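Observations on the three-dimensional arrangement
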Amino acid sequence: MTHRDTDTTLMLCLATVLITLSHLDAFVPDPRIATGGAIGNSLFFFLSGFGLAKSLNAEAAGGAPPSLSTYLRKRVVRLYPAVLIVACAMLAAGMVHVGGIAELAAVFVWPTPFWFISAVMVFYVPVFYLARLRPTGIATAMALLLVPYALFYSQLDLSTFVVEGRGNDFTWANHFKWINYFGLTLMGCLVARLGLTPRLGPAAIAWLLSGLLLFLVAKLTLLRLGLGHLQFVFQALLYPIVYGCFHVFASEALLKPLRSTPLFPVVALLGGLTLEIYLTQTAWIRWLEAQSYPYGPLALLLLALVPLLVFSVLTRWVSQRMGSGVSRLFQPATA
């Protein structure tokens, strides 16, 4: 099996579940061990880079590589119909407010109410060029990210700032995590270009568990001991964790038996609706958490996932039709 056959369905599903649980504070018994969605987000950006690199290089191998405008149009048509649907729902519910042209553009164009949308839109242009480099070129780009990372890290007030926090204000401090997530996106490109085959085995499982254990220990010790200046350790550990997840959860040894079970269609559905679920969580989870439930976290999880899934399927259905309509508008005229 080559990297072209790598099935990332389970990894996408895992990212969706981890993000959902991170948004539900009731499932975090101790805030000191909360990840702020860091692991799920890291999987999301890694898989984004992995998929883009495979797509761009496959198109280039099949003939002339796509133009930047064609590439960006596909990305916009994929993302923005769902963004507009959810942003309109948030506007109607009073969750966002528009007081002028600038605020209207901020909600519906950029950066939108969804931080990861603004991040991936910024990442798309450099990835278009970097994803087709040789692996050494991509690895060099990842290494060069250490320069802006160190520069901005040195300016943070790490006595109060949490590097994987949820800040949504469009400030350089809250978006410092973009540098790290861009590095993980490039890591996905690198893994795709290397053509690595996921291999499930004792070594891969031990690698992943060790990374998760180190992450947990770091969370419990660094902040408790007032060592906030060492928070870069949290983000550094995300790379081995994501790499371990790739070898464990994208391996055919795990996926092949899973495909024969009734659970796999659910996994595939959740994995296929990753974008829509992320978007709708922004509009739904906060309101949901403000309610009280007699049956505790289990009821909260069911109420989060079932309506969220229905809304996400509807959003995907509408956005696909909107996207196909927009695509036809951009088709070149024929004689």
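The structure this text deals with has already been given above.
Figured I'd write up the structure that's included with this text. Note that the structure is a prediction, hence the values are computed from the model and not measured. (Residues numbered from 1 in each chain as written. Predicted model: local features only at pLDDT ≥ 70, side-chain atom pairs only at ≥ 80, totals over all residues. Heavy atoms only, no water.)

**Here we look at the packing of aromatic side chains**
As enumerated under the stated definition, the model contains 24 aromatic pairs in all. Following the ring pairs from residue to residue traces out a cluster consisting of Phe44, Phe45, Phe114, Trp115, Phe116, Phe123, Trp178, Tyr181, Phe182 and Tyr278. Across from the ring centre of phenylalanine 234, 5.0 Å away, lies the NZ or CZ of lysine 219, which sits over that ring. (Phe/Tyr/Trp six-rings, centres within 6.5 Å; stacked < 30°, edge-to-face > 60°. Lys NZ or Arg CZ within 6 Å of the ring centre and 35° of its normal.)

**Thoughts on empty space enclosed by the protein**
Evaluation of the coordinates by the stated rule reveals two cavities of 30 Å³ or more. Of the pockets and cavities examined, the largest cavity occupies roughly 50 Å³. In terms of lining residues, the largest cavity is bounded by Leu52, Ser55, Leu56, Glu59, Pro66, Tyr71, Lys74 and Arg75. Elements with a minimum of two residues in the lining of the largest cavity: α2 (38–61) and α3 (68–92). By residue number, the principal contributor to the lining of the largest cavity is α2, which donates four residues. Grouping the constituent residues of the lining of the largest cavity by class yields four nonpolar, one polar and three charged. Considered as a void within the structure, the second largest cavity measures approximately 30 Å³ in volume. Around the second largest cavity, the lining residues are Phe45, Ser48, Leu52, Val120, Phe123, Tyr124 and Thr185. Contributing elements (two or more residues each) for the lining of the second largest cavity: α2 and α5 (115–130). Grouping the amino acids of the lining of the second largest cavity by side-chain chemistry returns five nonpolar, two polar and no charged. (1 Å grid on protein atoms, 1.4 Å probe; cavity = no way out; pocket = protein on both sides within 12 Å on 5 of 7 lines; lining within 4 Å. Points joined across faces, edges and corners; volume = space filled by probe spheres on them. Helix = DSSP H or I, 4+ residues; strand = E, 2+ residues; numbered from the N terminus. Nonpolar A, V, L, I, M, F, W, Y, C, P; charged D, E, K, R; others polar.)

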